[in-house]
Amino acid sequence: MADLCERVQKADWKKEKHVPVIECPDQVKAGEIFQVKISLGKEIPHPNTTEHHINWIQLFFHPEGEKFPYQVGNFEFSAHGESTAGANKGPVYTHHEVTASLKINKSGTLYVLSLCNIHGLWESSRKIVLA
Ligand SMILES: [Fe+2]
């Protein structure tokens, strides 16, 4: 039986619409608050309808040299623009993009996990170092 990790998909976000895009500084000062913007479908749009959408995005930080990652964000999308007219008939839909504010005192790697209700789990990561 495969581990869950083997079911988490990775790809180039410029070629695959499900890969979370992490935008943040490459370098930050220890203890200084910075922003991490996470979005999906930056290059190739994800459908984002009431039938096909992103359920959640989770953000982790793994400090260099430590064993475990720390969770620093949990963003749930429990509403997507559902309409009384029926599935995918409404005038508005959710675009799955969030911004988290963090401060770190070690260099490390940001990891983002997201879940599409039709296409499963996706992961991306980005290194961030102390200036
Ligand atoms: Fe999808």
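Above: the structure in question.
So, how was this worked out
Just so you know, the residues in each chain are numbered from 1, in the order the chain's sequence is written. Predicted model: local features are reported for residues with pLDDT of at least 70 only, side-chain atom pairs are reported and counted for 80 or more only, and whole-chain, interface and lining totals are derived from all residues. Hydrogens are left out, water is left out, and the side-chain values use all remaining heavy atoms of the structure. Starting at the N terminus, helices and strands are each numbered in turn, a helix being any DSSP run of H or I of at least four residues and a strand any DSSP run of E of at least two. Per-residue accessibility, obtained with a 1.4 Å probe over protein chains only, is compared with the maximum for each type, and a residue is labelled buried under 20%, exposed over 50%, and partly exposed between these values. Contacts are assigned to residue pairs with any non-hydrogen atoms lying within 4.5 Å of each other. Residue exposure ignores everything except the shown protein chains as possible cover, and the areas themselves are Shrake-Rupley values with a 1.4 Å probe. Counted as donors are the N, O and S atoms within 2.8 Å of the metal, or 3.2 Å for Na, K and Ca, while water is not among the atoms, so some sites may look incomplete. Only buried Ala, Val, Leu, Ile, Met, Phe, Trp, Tyr and Cys residues count toward a nonpolar core, and they belong to the same one when joined by side-chain atoms within 4.5 Å. By definition, two strands form a pair when at least two bridges between them are found by DSSP. Axes here mean lines fitted to C-alpha atoms, for a helix over just the part in contact, with angles spanning 0 to 180 degrees between N-to-C directions.

## As for the overall build of the protein chain
Then, in step 1: Across its full length, the protein chain holds zero helices and eight strands.
Then, in step 2: Along the chain direction, N to C, the helices and strands of the protein chain fall in the order β-β-β-β-β-β-β-β.
Then, in step 3: Counting only C-alpha atoms, the protein chain reaches 50 × 40 × 25 Å along its principal axes.
Then, in step 4: Residues classed as buried in the protein chain amount to 39% of the 131 residues present.
Then, in step 5: In the protein chain, once contacts between residues fewer than 6 apart in sequence are set aside, the share between residues at least 24 apart is 63%.
Then, in step 6: Summing over all exposed atoms, the protein chain offers an accessible surface of approximately 7,900 Å²; the carbon and sulfur share of this is 50%.

## Structural notes on the coordination of the iron ion
Then, in step 1: Taken together, His18 (NE2), His46 (NE2), His52 (NE2), Cys116 (SG) and His119 (ND1) make up the protein donors of the iron ion, found 2.1 to 2.4 Å from the metal.
Then, in step 2: Site description for the iron ion: donor spacing in sequence, H-x27-H-x5-H-x63-C-x2-H. Of this pair, histidine 18 sits in the segment before strand S1 (21-23) while cysteine 116 sits in strand S7 (residues 108-116); the two residues are 98 residues apart in sequence, bridging distant segments of the chain.
Then, in step 3: Of the residues examined, cysteine 116 reaches a relative accessible area of 3% and is grouped as buried.

## Digging into the nonpolar core
Then, in step 1: By size, the foremost hydrophobic cluster in this structure holds 21 residues, and its most contacted members are Phe34, Val36, Ile38, Ile57, Leu59, Leu110 and Ile128.
Then, in step 2: At the level of elements, strand S3 (34-39), strand S4 (54-63), strand S6 (97-102) and S7 are the ones that each hand at least two residues to this core.
Then, in step 3: Counting residues per element, this core draws most heavily on S4, at four residues.

## What about the sheet that holds S3?
Then, in step 1: Across the sheet, three strands lie side by side as S1-S3-S6; this open sheet has antiparallel pairing. Edge positions in the sheet fall to S1 and S6, since each of these pairs with one other strand and no more. Averaged over all pairs of adjacent strands, the angle between strand axes in this sheet comes to 20°, irrespective of strand direction.
Then, in step 2: Direction of pairing for S1 relative to S3: antiparallel, over a ladder of three bridges. When the bridges of S3 are listed, glutamate 23 appears paired with lysine 37.

## Quick word on the pairing of S3
Then, in step 1: Judged from the six bridges that link them, S3 and S6 form a sheet pairing that is antiparallel. Bridge pairing links valine 36 to alanine 100 in S6.

## Here's the deal with the sheet that holds strand S8 (residues 120-130)
Then, in step 1: Taken in spatial order, the five strands make up an open sheet running S2-S8-S7-S4-S5, and their pairing is mixed. Edge positions in the sheet fall to strand S2 (27-28) and strand S5 (70-76), since each of these pairs with one other strand and no more.
Then, in step 2: One ladder, built from nine bridges, connects S7 with S8; its direction is antiparallel. The residue bridging threonine 109 from the neighbouring strand is lysine 127, located in S8.

## Focus on the side chain of threonine 109
Then, in step 1: By the element assignment, threonine 109 lies in strand S7.
Then, in step 2: Overall, the relative accessible area of 12% leaves threonine 109 in the buried class.
Then, in step 3: Excluding residues that lie within four positions of it along the chain, threonine 109 makes contacts with Phe60, Phe61, His62, Ser125, Arg126 and Lys127.

Everything listed is a geometric property; what it means functionally is a separate question.
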